[in-house]
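# Architecture and fold: a report
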Amino acid sequence: MAYIIGSIVGSLIAIYLLAALWEWLLFKRVLDDPLMGKLLSVGAAWLTSGVLGGFGMADRGPYYWPAFLIYAPAAAILALFAYRRGMQLREEIEFDA
């Protein structure tokens, strides 16, 4: 049970930090729509963490493909929060215009 809780908390932290990094580095500068930028940053964070996790969990063996499944619940949770925040920002932009 402790492994599952630790895995969820760790993957939430990893996805959150990577999504913030991707959004700051790329998506905030390229996209005008805050909703798409936030959702794409979460998707890019999920792919990045899955790739890095797959190599890290390989332990000198073949690539560990289930790493993408380990990070998927955290990405789904954070995508819901990103969607909500993106919609709020979109409404603020429309209200100001």
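Each chain has its residues counted from 1, following the order in which its sequence is written. Where local features are concerned, this predicted model is filtered to residues with pLDDT of at least 70; where side-chain atom pairs are given and counted, the filter is 80 or more; whole-chain, interface and lining totals use all residues. Side-chain measures here rest on the full set of heavy atoms in the structure, leaving out hydrogens and waters.

## Looking at the layout of surface pockets
The test is simple: The definitions used throughout rest on a 1 Å grid laid over the protein atoms alone, on which a cavity is an enclosed set of points accommodating a 1.4 Å probe that cannot get out and a pocket is an open set flanked by protein within 12 Å on both sides along at least five of seven lines; lining residues are those having an atom within 4 Å of a point. Grid points are joined across faces, edges and corners, and a volume is the space filled by probe spheres set on the points. Here a strand is any run of E in DSSP of at least two residues, a helix any run of H or I of at least four, and the numbering for each starts at the N terminus.
The calculated volume of the largest pocket comes to roughly 210 Å³. If you go around the largest pocket, the residues you meet are I15, Y16, A19, A20, E23, K38, S41, V42, L78, F81, A82 and R85. Within the residue set of the lining of the largest pocket, elements represented by two or more residues are α1 (2-30), α2 (34-56) and α3 (67-96). Broken down by element, the residue count for the lining of the largest pocket peaks at five residues, all from α1.

## With respect to the side chain of S41
Which entries qualify depends on this criterion: Accessible area is worked out with a 1.4 Å probe on protein chains only. A residue is then buried under 20% of its type maximum, exposed over 50%, and partly exposed in between. Whether two residues touch is decided by their heavy atoms; if any such pair falls within 4.5 Å, the residues are in contact.
Residue placement: S41 occurs in helix α2. S41 sits in the buried class, given a relative accessible area of 2%. Setting aside residues up to four positions removed in sequence, S41 forms contacts with A19, W22, E23 and F27.

## Some points on the packing of α1 against α3
Rules: Fitted lines through C-alpha atoms serve as axes, helices being fitted only where they are in contact, and the angles separating the N-to-C directions of these axes extend from 0 to 180 degrees. The labels follow the angle: roughly parallel below 35 degrees, roughly antiparallel above 145, roughly perpendicular from 65 to 115, and oblique for the rest. Left-handed describes a crossing in which the near helix is turned anticlockwise from the far one by less than a right angle; the clockwise case is right-handed. Amino acids outside the nonpolar list (Ala, Val, Leu, Ile, Met, Phe, Trp, Tyr, Cys, Pro) and the charged list (Asp, Glu, Lys, Arg) are all regarded as polar, and Gly is one of them.
Where α1 contacts α3, the two axes come as close as 8 Å, and the packing angle between them is 60°. As judged from the angle between their axes, α1 and α3 are oblique. Crossing hand, α1 versus α3: right-handed. For the pair α1 and α3, contact is made by S7, S11, L12, A14, I15 and Y16 and by I70, Y71, A74, A75, I77 and L78, respectively. Among the residues forming the contact of α1 with α3, the class breakdown is ten nonpolar, two polar and no charged.

## Here we look at a nonpolar patch on the surface
Under the convention used in this document: Each patch is built from salt-bridge-free residues with over 30% relative accessible area, joining like charges within 9 Å and nonpolar side chains (Val, Leu, Ile, Met, Phe, Trp, Tyr) within 5 Å. Note on areas: Shrake-Rupley, 1.4 Å probe, and residue coverage restricted to the protein chains presented here. Any carboxyl oxygen of Asp or Glu within 4 Å of a side-chain nitrogen of Lys or Arg constitutes a salt bridge here.
A contiguous nonpolar patch, built from M1, I5, V9, I13, Y16 and L17 and spanning about 680 Å² of accessible area, is present on the exposed surface. Summarising the element assignment, I5 is placed in helix α1. The class for I5 is partly exposed, based on a relative accessible area of 47%.

## Topic: a negative patch on the surface
The line we're drawing: Under this rule, positive means Lys or Arg and negative means Asp or Glu; His and the chain ends count for nothing. Every charge is mapped onto a representative atom, which is NZ of Lys, CZ of Arg, CG of Asp or CD of Glu.
A contiguous patch of negative charge on the surface is contributed by E91, E92, E94 and D96. Structurally, E92 is set in helix α3. E92 gets classed as partly exposed once you look at its relative accessible area, which sits at 42%.

## A look at the nonpolar core
Here is the rule we go by: In plain words, nonpolar cores are sets of buried Ala, Val, Leu, Ile, Met, Phe, Trp, Tyr and Cys residues tied together by side-chain atoms within 4.5 Å.
Judged by nonpolar contacts, I15, L18, A19, V42, A45, Y71, A74, A75, L78 and A82 together constitute the single largest core of ten residues. Broken down by element, this core gets its largest block of residues, five residues, from α3. Leave out the neighbours within four places in its chain, and A82 touches L35, K38, L39 and V42.

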